[in-house]
Amino acid sequence: MSQVLVLVDHVDGAVRKTTSELLTIAARLGEPAAVFIGQGYDAAAASLAEYGAATVYVVEAEGLDEYLVAPKAEALAAVVQQAAQAGDPAAVLLASSGENKEIAGRLAVKLESGLITDAVDVQEGPVTTQSVFAAAFTVTASVTRGTPIITVKPNSAEPVAVAGVTPNVVTVPVTVSDAAKGAKITERRPKEKSGRPELTEAAVVVSGGRGTNGDFSAVESFADALGGAVGASRAAVDAGWYPHSTQVGQTGKQVSPTLYVASGISGAIQHRAGMQTSKTIVAVNKDPEAPIFELVDFGVVGDLFTVLPQATDEVAKRK
Ligand code: FAD
């Protein structure tokens, strides 16, 4: 069975949930193999085994963490070459983030392979599903040249643990080239922690729009009751009510959670572009004619300041 390489997303060995999702998808396509680049593999090992990585390629070249994406693309290319000794990999999967999409692009150039970004599903083939043109179309696509390189949106699969896997660990020597040292990281400033999950990875996102009139307390309370992240429409961000880092849409973040709750958001096409691939969409809007109701699974016509606190209380009662 051909290997399917999964780039491990981690911070000093703490593995993100997106990696377990990708390992689960990889198991559909072939034999899951994780690619761990950087420091901290020991901390990551158990999690990679738990989600079925039969092989782990570990790249710990000096300087890898000091430079921007180019060395990671070089490292990944070296791993693909190493993996090819056991037969060409069936695919390389990366979680869709800004950094990973840049790595994927560079890798595709190096390998002269086709690239698919922002897939919301990957099935045997590999055949991918994407939502394109501001979510106006759903497209299925396959790479026709080289090793398929595919970036997959967070929450595209439910991670499935696999018992009894002991990965074969392969160390891959890589020397970072001078060409890849074009930009060096001079400082890392951790983001202020809100205690909420990262917006693009959260299983639940509750967003507020102009209808909040700047008061996000009901939106935040409902998000916290569900253990979710808080998002915002551009109208709310432009008004200065919520940070731009939380904007969902064409010019903001792309989210694909299990549950998306739009409160006081009309449903403009540019907002839909960032959330339409969510599994279940709920809207709370006091205008029954609001366009958001065209795409929801459940709609509540009402004032968000009445509906959300009631929903929050109900969730609290069931905990
Ligand atoms: P509105 O359209 O004003 O809707 C507010 C809604 O709240 C209304 O439906 C109203 O009925 C409801 N409401 C009011 N009070 C209450 C209440 N108390 N309870 C319940 N409901 C209430 N937008 C994005 O969101 N993300 C983007 O990335 C983005 N990118 C853009 C890029 C471009 C190039 C352009 C031109 C626009 C972009 N926009 C984007 C803007 C987009 O077109 C809309 O203007 C924006 O999404 C509207 O935000 P809203 O739904 O919060 O506000």
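Thresholds, definitions, all that
Residues numbered from 1 in each chain as written. Predicted model: local features only at pLDDT ≥ 70, side-chain atom pairs only at ≥ 80, totals over all residues. Heavy atoms only, no water. UniProt positions renumbered as here; feature names shortened; annotations may be inferred. Near = heavy atom within 4 Å. Polar contact = N/O pair within 3.5 Å; in protein donor to acceptor, adjacent residues only side chain to side chain. Areas by Shrake-Rupley, 256 points an atom, 1.4 Å probe, with all protein chains shown as cover. Helix = DSSP H or I, 4+ residues; strand = E, 2+ residues; numbered from the N terminus. Nonpolar A, V, L, I, M, F, W, Y, C, P; charged D, E, K, R; others polar. Buried < 20%, exposed > 50% of the residue type's maximum accessible area, 1.4 Å probe, protein only. Arc of directions from axis to C-beta. Contact = heavy atoms within 4.5 Å. Pairing = 2+ DSSP bridges. Axes fitted to C-alpha atoms, helices over the stretch in contact; angles between N-to-C directions. Core = buried A, V, L, I, M, F, W, Y, C linked by side-chain atoms within 4.5 Å. Salt bridge = Lys/Arg side-chain N within 4 Å of Asp/Glu carboxyl O.

For the chain, an unreviewed UniProt entry supplies the name Electron transfer flavoprotein alpha subunit and the organism Kineosporia succinea. Among the UniProt annotations of the chain, the heading Function (unreviewed entry) holds the following wording: "The electron transfer flavoprotein serves as a specific electron acceptor for other dehydrogenases. It transfers the electrons to the main respiratory chain via ETF-ubiquinone oxidoreductase (ETF dehydrogenase)."

Visitor: I tried to follow the site of the ligand on my own but got confused; where do I start?
Guide: Residues in contact with the ligand amount to 25 residues; listed here are only the nearest, R210, S233, T251, S266 and N285. Contact between the ligand and L304: a nitrogen atom at 2.9 Å from a main-chain N or O atom of the residue. Starting from 990 Å² of accessible surface for the ligand in isolation, the protein chains cover 75%. Secondary-structure elements contributing two or more residues to the shell around the ligand are α6 (234-238), α7 (269-272) and β15 (280-285). Among the residues making up the shell around the ligand, the classes are represented as six nonpolar, 14 polar and five charged.

Visitor: Any chance you could explain the environment of D215 here in plain terms?
Guide: Relative to the helices and strands, D215 is located in the loop between β12 (204-208) and α5 (217-225). Separated by 21 residues in sequence, D215 and A236 place their C-alpha atoms 9.9 Å apart. Polar contacts involving the side chain of D215 include one to the side chain of S217, which spans 2.7 Å.

Visitor: Please explain helix α2 (residues 41-50) as it appears in this structure.
Guide: One turn of the α-helix equals 3.6 residues, which is why residues spaced by three or four share an orientation. Taken together, the buried positions of α2 are Y41, A44, L48 and A49. Down the axis of α2, the sector holding all buried residues measures 135°, keeping them to one side. The exposed set on the far side of α2, more than 90 degrees from its buried face, consists of A43 and A46. Where α2 is buried, its residues touch β3 (14-15), α1 (17-29), β4 (31-37), β5 (55-59) and β11 (168-171). Of the residues flanking the end of α2, it is G52, one or two places downstream, whose phi is positive at about 90°.

Visitor: What's the story with the sheet that holds strand β13 (residues 229-232) in this structure? I'm lost.
Guide: Pairing between sheet strands relies on hydrogen bonds along the backbone, with the strands arranged either parallel or antiparallel. Pairing is parallel in the open sheet, where five strands are placed in the order β13-β12-β14-β15-β16. What marks the edges here is a single partner per strand, and that holds for β13 and β16 (298-301). Strand-to-strand twist in this sheet, taken as the mean axis angle between neighbours without regard to direction, amounts to 15°. In this sheet, β16 lies alongside β15 in parallel orientation, the contact comprising four bridges. Within β16, the position partnered with N285 by the bridge is V301. Together, β12, β13 and β14 (259-263) form the strand contacts of α5, whose direction differs from that of β12 by roughly 175°. On the sheet, helix α8 (residues 304-318) packs against β14, β15 and β16 and is oriented at approximately 135° with respect to β15.

Visitor: Honestly, the nonpolar core in this entry has me stumped. Any pointers?
Guide: Here is a general trend for soluble globular proteins: nonpolar side chains tend to be buried in one another's company. Formed by 31 residues in total, the largest nonpolar core has its most connected members in L5, Y57, V59, L76, V92 and L94. The set of elements that each furnish at least two residues to this core consists of β1 (3-7), β4, β5, α3 (69-84), β6 (91-95) and α4 (98-111). The biggest single contributor to this core is α3, with 10 residues. Not counting chain neighbours up to four residues away, the residues in contact with L94 comprise L7, L22, L76, N100, I103, A104, I149, I150, T151 and V152. Counting residues in hydrophobic clusters, the runner-up holds 28 residues, among them V4, V6, A26 and V143.

Visitor: Please clarify how the pattern of salt bridges should be interpreted in this entry.
Guide: Once their charged atoms are close, side chains differing in charge can pair, the charge on each being opposite to the other. This structure, assessed with the given rule, holds 14 salt bridges. Between E314 and R318 there is a salt bridge, and its shortest N-O distance comes to 3.5 Å. Separated by four residues within a single helix, E314 and R318 lie in helix α8, roughly one turn from each other. With relative accessibility at 33%, the residue E314 sits in the partly exposed group. Residue class for R318 comes out exposed when judged on its relative accessible area of 68%. Each member of the salt-bridge network shares a partner with another, and the members are E314, K317 and R318.

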